[in-house]
Every structure is written in C-alpha cells, then in structure tokens.
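One letter stands for each residue in the lines below.
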Amino acid sequence: MKECEAMNVNQAWKAKWIMYTGCPDHAAPVFRKKFQMPGGIKKTQIRICGLGFYVLNINGRRVGDDIMQPAFTAYDKTVLFNVYEVDNYLAEGLNEIEVTLGNGWYNELQPSAWQFEHAAWRAQPKLIAELYLDGQLFLVSDTTWECARSGISYNSLRCGETFDAGFKIDRWEKPTIAPAPGGVMKEQQISPIRVSELIKPVAIVPSPLPVIYDFGVNLSGNVEIQVIGRKGNKVTIQYFELLRSTATPDLERYKQHVYDDRFQCDEYILSGEGVETWHSEFNYNGFRYARVYGEYESLEVVARCFHTDLSDAGDLQCDNPLVTKIQAAVRRSTLTNFHHIPTDCPHREKNGWTGDAHLACEQALFNFQIDEAYIKWLDDIVDCQRPSGRIPCIAPTSSWGYDHMLCGPTWDAALFVIPWELYRYTGKVEYIRRYYEPMGKYIGYLQSILDNGICRIGLGDWSAPSVAPAFPVESLLTAYSYYMTDIFGKISGILHEEESERQAAELSDGIKSAFIKQFAAIQTDSQVFYAMMLYFGLAEDVSATLDNLIRTVELADDHIMGGMFCSKMILDVLTDNDRFDLAYKIASQVDFPGWGHLAGLCAGTLGENWYGGSSMNHFMFAEIGAWYYKALAGFNIDDNNPGFKHIRLTPHIPADIGEFRAWHQTPYGRLEISWDREYMNVILPQGVSATFVHGDATRELSEGEYRIKR
C-alpha cells in the first residue's frame, strides 16, 4: 500500500445502492454502519451519493458544511457523487458512519404545475457509499448496514420539514439492495450550497396572528431557532415574502402552482432537553418574513441565507446610491436564485428556466466565478435534449418543460448564448466545443419549425408592462432564430468546421432576408421591436431604426417600456449607438417602470414584474448589472481576442457619479478602473491590452497602471 495514496474517483463502484423500503413516503430514512478501523492510516476518503439529498455524519459529527448534496440533475441521465477527506472524523478502533436521506428533487411527492411528481427518475431515497483507507477500498454500502426512520417525519423541497427531536429509534432493520437511478455516475464539480450569511430580524411586525419576524431583505434559505420548552411542544415556521396591508401573510399569490395545503412550512417538536437549536435540512425557502408560532418558554431566531457557493469575479462601487442599490439587487437576486441551477425564484418554482438564465448570464459572468456552475447546468440541458434536437424550457425537467407554453427560440437560445459568452469571457475553446454537437442537433430542429424563415412558435417579451405597445411576437422569435444560427456559424468557424460554417451562413442569411421582408416596413411604438433589430444586426437602415427607438423611449417619458428581452437589449444598443445619455436616463428612473422602482419594492432583490408583483425575487431583469460594467466601467470584450486579452475600454462618466471603482478578475488577472472628479485610474493585468476611448480621445494601452486626467 502506497503512503497516503489517493483513491481513483473514476474507478467502478463496488458498493451497492441501498434503500429502506419500510420508510413512510414523506419521512427521511437513516442508515448506519459500525466498523473497526486499523491503526496507522494516514489518508481516509469517502465517496458518496444519497438521493435526493443526504447528511453525512461520522462518529456523531457532521462532515463538512455543504447543504443539500449532491447537486440536482436529471437522475435517469446523470447522477453526481461527492468525495470528502475524512481524516479528522475517523480514529483507530470503533467508528460509525450515519447517513440521513431527504426526498429533494429525486422523490418529489407534492403535485405541482411542473409535474416532478411524475418524473421518470422518481423513486424512494437511496444511498451508495465507499470508504477508502490510504487509497484502498475498505468499506462499501450493502445489506450489512442498518436502517430506520429518522426523526424527520416529513420533508419536501417546496413544502418544508417536520422534525421530532424527542423521537428515538427503537429498532434498526436491514436495508434492501436498490436499483440504480439510471444515470451515469460523475463526480460533482459545481461548488456546493453553503450558508453565506446569518441575518437577524430587523423588526417584529405587529400582527393579529402569531409573531412575524421581518429579516429586512429577500433571501433564500431557512430559519434556525433556539428554543426552550416542554417535550412535545411544537414550533411552526411559515416562510413568505410579502405582507398584506392587514399585516397578515400573503401566501396564496405565490404558492398558486403548488397543489398542497402545506407550503414553505417547517415544524419542530421539542425534546424538552434544555436549549434546543434546529433548522431544517432538506428544503429551502424564498422569504423576507417568517411567521413563528407554537408553545415554548423562550425563542430566538436567525435566518440562514444559503445558495451555491459562487466566489466573486468582480464588483463595482460608486457614490451614486441608486446605482449601488440596483447593483446590490442584481447580485443578491442572482445568488439567491442559484441552488445547483439558475432558478427563476426560490419559493414556488425553483425551476431552471432557460430564458431567464441566458438573459442574465453576462452580469453573472462579470460578478461571479460561475463557469463550473454554468457547465453543470448546460449539461443538464443536454441531458434533456430530445433526439429531434428540441430542448425544454426548464432544465432539468420531468416532461412539463417540453409540452407546455412552447417557449421557443427566445428561451432555447440558452444552449447557444451561455457557451458563447463563456468563450468570450474566458477565451476557452473547450466551452464551445463541448456543446457543439447539441447545438448542431438543435439547428436541425430549428429548421423544422421555421416557416419560410419565420418562426411562429414561442413566447415574446415576457413581463412587459400591460401598457407596453404591441409588436409582432414572430419578429422576436425569428430574431433569436437568426441569433442562434449566427452564433453557431461563428463557433463552426472557430472550430474549423467549414461545411457547418457554410451551412449556418446560408441559413442565417435566409432567416435575415425573411425577417427584413416580413418586418422591416412595420411601424410600431414598441421599444423591443427596434432594439432587437439593432442588437441582432437586422436593421436595413440603422440610422432610421435608431431614430424610431429613440422616439419610442421619448413616448415613454424616458422609461423602459418592455419586458425581459427589452431590458437585455435597450441599454446596450443605445450605448453602442452613441446615446449613452439616453440609456443612463432609462437606467436611472426611480418610478414605474424601471430598475430603481423595482429595487425599491423588492427588499434587496429584483422582481418578476416591473410593478413587483407575482414574485419579489427573480433575476431576469439583472442584465443592467452587465451594462454597468460595459458602459460605466467600459469593459468591452474584443471578440477577435476573447477572454479579455484585448478590450475596448470605453468608460462613460455621468455627472451624478463623482467617485467610481469597478474590477473584474480576467483569465490574466485583475482588470480595474476608477475615477474621481479629477483623474481616471486604469489597471491592466499582464497580458491584457486595451483601446482606450473617452470623449474624443483614443489611445492604445498595454499592461500596467495608468493615471489619466479627466
């Protein structure tokens, strides 16, 4: 045996999947294994997968600080496992491994609009594990383990958890060998979910109902309680994000798609043994408020905000409080909507909507080290791709994502846009090569739904104000069809796939011609209609199209008057066409509709609608965050030199920003710009050059530090 030899995580599993067939549906089973460990061991590792989620304890101590492992996938296609170093948990002599399993996404029992209760992979929770000592397999999960029902009598991803602290296991049973979930086993690469902050209540809301705690901000996670009371007393925690004017919880509005009387509700039954500390394990909630009631002598609460652990890749600060507030809401909405996948909201849905994700991916790449997380989720999309090339509008999905709403190219573009932006922001060709074949399959599907170059299947500019002027939805669908085909052609060229590049060029040229023929002569007051022509390069007359876009903005009194797609495009196209002044006016509005108004309504996040309705925590309007980097900081990628090897550095300095600083961690190092009333300071990392443009001045900069008079 080699000293401190590491296990091979790719070797075939010798362990068996095991399950506790006698465990009630909503309860959480627990498995244990006692064993004698020899002395002289230097390195111990465990690889483990517990579906849906698991908590691993060794000798009574929880291993790590990860939450809800492993990451959610389409389990019949891919199953992720985790590897932990456990040297500090084991000792020579008698040891005990204990694993508790939650239902998670694997065994969702609650009927909902998205029909995960009918998922092809759904089954009782199951476990597989192997323990390695100095690189050699020592212990496996099999029928020599023991199992029982744990103190968790109820657990549901959306509906919460019930835990009886006084519950005692009176009989252990033998587990059953279980069929594998079906998916290919892979080591998890995405960072786990971890607690990012503990938030104390900022207020207790006067209410005719039991105590309502206000945590001041929208968050994703749960509440931890410290409670003293009698054995058998129960404390209930109800999570929600809005209060009615009567100071009562507004639950119906945002639980409408979950067909269960219980929703976002945790219950704790006391053991009566002094101070008891507890939080749920196998669910998370979207909330600002928690209504806590029950029988107890004393109670303290704190909110645990948790999400996928994404490190910072950039940030910006300035002395304009509105920009600061919107940027903070962009970041918070993105983080609190990432739990293994980019989600639309952390409460009622938790779904990986493709449209939301690709519209907000640039700001996510500017703000966070998110490459691995996107790769994991793009793999989920590919797992869900049908032989025809079609992809669902949410991923992972059961079947609902294919058969409802027909989101079409406007949502499906995620398969093209996110790999393309990953390539642009990192310069890594492997990101586009990895998804080249699935993109090609989708292009074949796209051709099957085009009607003489026009797409008529899908959704338009979601969540526009009700008074937003109409435009032909087919124009946006066709524009995205062109965009995906154009991206595929560019990628084919980079990968030296000449025949595919030629075919993509023919297809994109045909779609563009059809678009111009069908839509060029249309007159409308819609902002998104003209913005998309400029954004995708579909305008026959750029000057006239820009004039029309400016006209629509003036009609809206310099406000945005469109939905999620308009919010992605309008600021960029105005800035790129020398109208930063107008873009900044739109971005700075504090009344409806606008980002300032929305950030003011949603307690630190952005909502699903400009008026803050439906959900108070969505990130689909978050691309203003990317615009701050591109327009204010001036960080613009040169597509001929991806990965920030060369940039166009084009900062804009509004009159109401006196001090500003922005940075982004490029593949070459930290790129930074700052300014005050007199000077701009620029830091270009080694290997990065820039064409600096400010006002009428243009100069070429190489790596180094610069102090430039304003």
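Look up a bit, the structure's there.
This section reports on the structure supplied with the text. (Residues numbered from 1 in each chain as written. Predicted model: local features only at pLDDT ≥ 70, side-chain atom pairs only at ≥ 80, totals over all residues. Heavy atoms only, no water.)

**Points about the nonpolar core**
- In this structure, Trp627 and Phe660 are the most contacted members of the largest nonpolar core, which totals 189 residues.
- If you tally residues by element for this core, the top one is helix 10 (residues 473-494), at 10 residues.
- In contact with Phe660, not counting residues within four places along its chain, are Leu316, Gln317, Cys318, Leu632, Ala633, Ile673, Ser674 and Trp675.
- One finds Tyr20, Tyr84, Leu101 and Trp145 within the second-largest nonpolar core, a separate group that totals 27 residues. (Core = buried A, V, L, I, M, F, W, Y, C linked by side-chain atoms within 4.5 Å. Buried < 20%, exposed > 50% of the residue type's maximum accessible area, 1.4 Å probe, protein only. Helix = DSSP H or I, 4+ residues; strand = E, 2+ residues; numbered from the N terminus. Contact = heavy atoms within 4.5 Å.)

**What about the packing of aromatic side chains?**
- Applying the stated rule across the entire model yields 40 aromatic pairs.
- Between Tyr483 and Tyr535, the ring centres sit 6.4 Å apart and the planes meet at 75°, which makes this aromatic pair edge-to-face. Note that Tyr483 is positioned in helix 10 and Tyr535 in helix 12 (residues 527-535), a separation of 52 residues in sequence.
- Tyr483 gets classed as buried once you look at its relative accessible area, which sits at 15%. (Phe/Tyr/Trp six-rings, centres within 6.5 Å; stacked < 30°, edge-to-face > 60°.)

**Remarks on the environment of Gly182**
- If you trace the backbone, Gly182 turns up in the loop between strand 13 (176-177) and strand 14 (184-187).
- For Gly182, a relative accessible area of 54% puts it in the exposed group.
- Not counting chain neighbours up to four residues away, the residues in contact with Gly182 comprise Tyr75 and Asp76.

**Points about the pattern of salt bridges**
- Inspection of every chain in the model, using the stated rule, returns 36 salt bridges.
- One salt bridge connects Lys568 with Glu362, and the closest N-O pair in it is separated by 3.2 Å. Pair noted here: Lys568 is in helix 14 (residues 564-576) and Glu362 is in helix 3 (residues 361-367), with a separation of 206 residues, a long-range link. Accessibility assignment for this pair places Lys568 and Glu362 in one class, buried.
- Linked through salt bridges whose partners overlap, the residues forming this network are Glu362, Glu421, Arg424, Lys568, Asp572, Glu623, Lys630 and Asp639. (Salt bridge = Lys/Arg side-chain N within 4 Å of Asp/Glu carboxyl O.)

**Considering the pairing of strand 9 (residues 136-140)**
- Here strand 8 (residues 126-133) pairs with strand 9 via 4 bridges, running antiparallel. When the sheet's bridge partners are listed, Glu130 is paired in strand 9 with Val140.
- Counting the residues that bridge the hairpin from strand 8 to strand 9 gives 2 residues, and of these Asp134 lies at a positive phi of roughly 50°. (Pairing = 2+ DSSP bridges.)

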